[in-house]
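# Geometric and topological summary
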Amino acid sequence: MDSQINTTINLPTHPPTLLREIQDRIGGVLVRPSAALIWSGVLTAIMTGVPAFMAIYAAFADLLADPTKGIDLSGEQSITELSGLMSGAILNVFFSVAFFLLVALPFSYGAGLIGLRAIRNESPKRSDLFAPYLRAWDFSIFSIVLILSGFIPLLIWIVLAIIVSFVVSLISVMNEGDPIGQIITIMLTVLIVGIPFIFLSIYFQFRLVYAGIAIIDPASGRMGAFPAIAKSWRMTRRQNGPLSVVALYATWALIRGTIFGYLIGLFTRGLPEFVALFCGSYDVLADRLRSHEQSSHGSQ
């Protein structure tokens, strides 16, 4: 009897990268983005752009109002004038943060839930946009944790920058140094000192960003704030590198849609792809975590 010899060789296969897995999941949706995905992108852009504009206006409000106006630090009213400017800036920052917490962040995640339903081929609901307000207590806790985790490293940087600036200025005055060289030295020193804290702030944002979706996602059972934060932390464990690649690619999607789509492509292609990448990354990482936990429980 003739026998056949199986010469098939099973080569080891490497798991797909996070970006490739996300692209495979959202590829069909991006062939022709739905109206829900487009509106999700537009709303996300508005809710992100308004706080950014408010922050810029808070920093340069007086300069924008009167570009020819300056501050005479040699005059007797210099301290009063400087105090007034600082008080106005602090007030503007307060309103910017309040708007971000009460309006921009909830609507951004509501738009994200619409995008999440779109990539899952589900029909969005009118209440999706307001879902964070329907879970106001849990979402408020998450918002505060997200803000503090990003702000505290930057606050430490600001305090160190003030101390470093004072020390450098003192040394320069004692040595009768060049004022321009002093300013350059202070700026470079502050920037170098701040780099680790900037990366630390970004690190915490990467680790916690998916908690907001977990709170309002029906598939996750609409988790409470602290379980959602814990889930986001587990989802993103050892994923900073892959998530950075996804973030860079999402930024490129916005640039590509703007340039090659003659600005209209930003709304019809760039923003929908940006939202789909964010929602797809959540979906993929949540599935990975679910599979890992199920296999862990099965092996026990």
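Look up: the structure comes first, before these words.
Attention here is on the structure that accompanies the text. If you're wondering where the values come from, they're calculated on a predicted model, not measured in any experiment.

Rules and cut-offs
- Residues numbered from 1 in each chain as written.
- Predicted model: local features only at pLDDT ≥ 70, side-chain atom pairs only at ≥ 80, totals over all residues.
- Heavy atoms only, no water.
- Helix = DSSP H or I, 4+ residues; strand = E, 2+ residues; numbered from the N terminus.
- Buried < 20%, exposed > 50% of the residue type's maximum accessible area, 1.4 Å probe, protein only.
- Contact = heavy atoms within 4.5 Å.
- Areas by Shrake-Rupley, 256 points an atom, 1.4 Å probe, with all protein chains shown as cover.
- Arc of directions from axis to C-beta.
- 1 Å grid on protein atoms, 1.4 Å probe; cavity = no way out; pocket = protein on both sides within 12 Å on 5 of 7 lines; lining within 4 Å.
- Points joined across faces, edges and corners; volume = space filled by probe spheres on them.
- Nonpolar A, V, L, I, M, F, W, Y, C, P; charged D, E, K, R; others polar.
- Phe/Tyr/Trp six-rings, centres within 6.5 Å; stacked < 30°, edge-to-face > 60°.

### Structural notes on the overall build of the protein
For the protein, the count of helices and strands is 10 helices and zero strands. Looking at the protein residue by residue over its 300 residues, the buried ones come to 35%. The contacts in the protein between residues at least 6 apart in sequence include a share of 75% that link residues at least 24 apart. For the protein, the accessible surface area stands at approximately 18700 Å², while carbon and sulfur atoms represent 70% of it.

### What to know about helix α8 (residues 225–235)
Within α8 the residues assigned to the buried category are A225, A228, I229, K231, S232 and M235. Mapping the buried residues of α8 onto a view down its axis gives an arc of 160°, with all of them on the same face.

### Side note on the layout of surface pockets
One number sums up the size of the largest pocket: a volume of about 1700 Å³. In terms of lining, the largest pocket is formed by 42 residues, of which the most central are T48, F100, L105, L146 and Q205. At the level of elements, α2 (35–65), α3 (78–119), α5 (136–174), α6 (179–208), α9 (240–260) and α10 (264–299) are the ones that each hand at least two residues to the lining of the largest pocket. With nine residues, α3 is the single largest residue contributor to the lining of the largest pocket. Partitioning the lining of the largest pocket into residue classes produces 32 nonpolar, 10 polar and no charged.

### Brief notes about the packing of aromatic side chains
Counted under the stated rule, the structure contains 11 aromatic pairs. Ring centres 5.7 Å apart and planes at 75° place the aromatic pair F107 and F130 in the edge-to-face group. Taken as a pair, F107 in helix α3 and F130 in the loop between α3 and α4 (131–134) lie far apart in primary sequence, 23 residues in all. Judged by centre distance (5.6 Å) and plane angle (15°), the ring pair of Y210 and F278 falls under stacked. Taken as a pair, Y210 in the loop between α6 and α7 (211–216) and F278 in helix α10 lie far apart in primary sequence, 68 residues in all. Exposure remark for F278: the relative accessible area of 25% places this residue in the partly exposed category.

### Focus on the side chain of R207
By the secondary structure assignment, R207 is in helix α6. Excluding residues within four positions of it along the chain, R207 makes contact with S232, W233, T236, R237 and N240.

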